[in-house]
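Spelled out, the chains give:
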Amino acid sequence: MTIQWFPGHMAKARRQVTEKLKLIDVVIELLDARLPLSSRNPMIDEIVSDKPRLILLNKADLADEKATEEWIAYFRKEGIRTLPIDALSGKGVNKLPELCKELAADMLAKRSERGMQGRAIRIMILGIPNVGKSSLINRLSKRSVAATGDRPAVTKAQQWVKMGDTLELLDTPGILWPKFEDQMVGLRLAASGAIKDELIDFTEVALFVISYMMHYYPERLIERFKLKELPDDRIAMLEEIGKKRGCLISGGNIDYDKAAEIFLRELRSGKLGPISVERPIDWEMDEPIGKPLSLME
């Protein structure tokens, strides 16, 4: 399976972001806490350049807390401040204005030295589709000013959103990159729901997640699907899920695609518990956990 998705409005959004950047004081990079590096557009470093930046790990409530701590340490080594949040519940979001002020301190000091009146700190929010930008903006503004949805690419235009007298946020459409050079990135994104389901192979994506869970969260699989013990391999595990969820076809065979779709729905809704599908160590491995057989050398 090769996952690629780059709608025309995303290419336009990249051009608009580059044009608007000169107006921005602080860039907020919104990532999915369950798969931070895979949900990080590699073009962002090139686009943002040397602007002060803050990384927010959204959906932290759905992620493994221990794995999230590993990611915070990872980005700290890169010199980037990182904050885990949950935009829907608001957890951690109240710390954002103060952090933005800290990051914009040099700009504010220079403006003060020139005798210029203070103005709101201008912030740009960047992130791939379905990572929660609109939910964050609505939470910060305390009103529904941005469209939200559980489908990627809900936001298709830029807009300025005022946050009192201290902050102004520029929302932007989610930007994916034209090609995933690492297909493991595509699998992780597909598992999270960042890519339209019509474009993915449910079975291959589910088998990836099952492999990851068999390694890091075996007890969750046993508990959720009421098993006596863990099966020997990921295909057998998917078959068990199919049996438990009634995904049977003629002859008593398993409807793998249906079982995989149900499994992914449960994963995304948090019914399998807080789970991360990526850790820093995954990027150091020659054969990442869950790598499809079709990608094995």
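Residues numbered from 1 in each chain as written. Predicted model: local features only at pLDDT ≥ 70, side-chain atom pairs only at ≥ 80, totals over all residues. Heavy atoms only, no water.

As recorded in an unreviewed UniProt entry, the protein chain goes by Ribosome biogenesis GTPase A and comes from Brevibacillus agri. Of the protein chain, the UniProt comment under Function (unreviewed entry) reads exactly: "Required for a late step of 50S ribosomal subunit assembly. Has GTPase activity." Its UniProt record gives the protein chain a comment under Subcellular location (unreviewed entry), which states: "Cytoplasm". (UniProt positions renumbered as here; feature names shortened; annotations may be inferred.)

**Some thoughts on the packing of helix H8 (residues 202-216) against helix H11 (residues 256-268)**
Between H8 and H11, the shortest axis-to-axis distance is 8 Å and the interhelical angle comes to 55 degrees. As judged from the angle between their axes, H8 and H11 are oblique. Considering only the axes of H8 and H11, their crossing is left-handed. Together, Phe 202, Thr 203, Val 205, Ala 206, Val 209, Ile 210 and Met 213 of H8 and Tyr 256, Asp 257, Ala 260, Glu 261, Phe 263, Leu 264, Arg 265 and Leu 267 of H11 make up the contact between the two elements. For the contact of H8 with H11, the per-class residue count stands at 11 nonpolar, 1 polar and 3 charged. (Axes fitted to C-alpha atoms, helices over the stretch in contact; angles between N-to-C directions. Helix = DSSP H or I, 4+ residues; strand = E, 2+ residues; numbered from the N terminus. Parallel < 35°, antiparallel > 145°, perpendicular 65-115°, else oblique. Left-handed = near helix turned anticlockwise from the far one by under 90°. Contact = heavy atoms within 4.5 Å. Nonpolar A, V, L, I, M, F, W, Y, C, P; charged D, E, K, R; others polar.)

**Some thoughts on the pattern of salt bridges**
Summed over all chains, the structure comprises 17 salt bridges. Linking Arg 53 and Asp 45 is a salt bridge whose minimum nitrogen-to-oxygen distance equals 2.8 Å. Assessed through its relative accessible area of 12%, Arg 53 is described here as buried. Across the pair Asp 64 and Arg 279 runs a salt bridge whose closest N-O atoms are separated by 3.2 Å. One end of the pair, Asp 64, is in the loop between strand E2 (53-58) and helix H3 (65-77); the other, Arg 279, is in the segment after H11, and 215 residues separate them in sequence. Overall, the relative accessible area of 15% leaves Asp 64 in the buried class. Overall, the relative accessible area of 6% leaves Arg 279 in the buried class. When salt bridges that share partners are traced, they join Glu 29, Arg 40, Asp 45, Arg 53 and Glu 78 into one network. (Salt bridge = Lys/Arg side-chain N within 4 Å of Asp/Glu carboxyl O. Buried < 20%, exposed > 50% of the residue type's maximum accessible area, 1.4 Å probe, protein only.)

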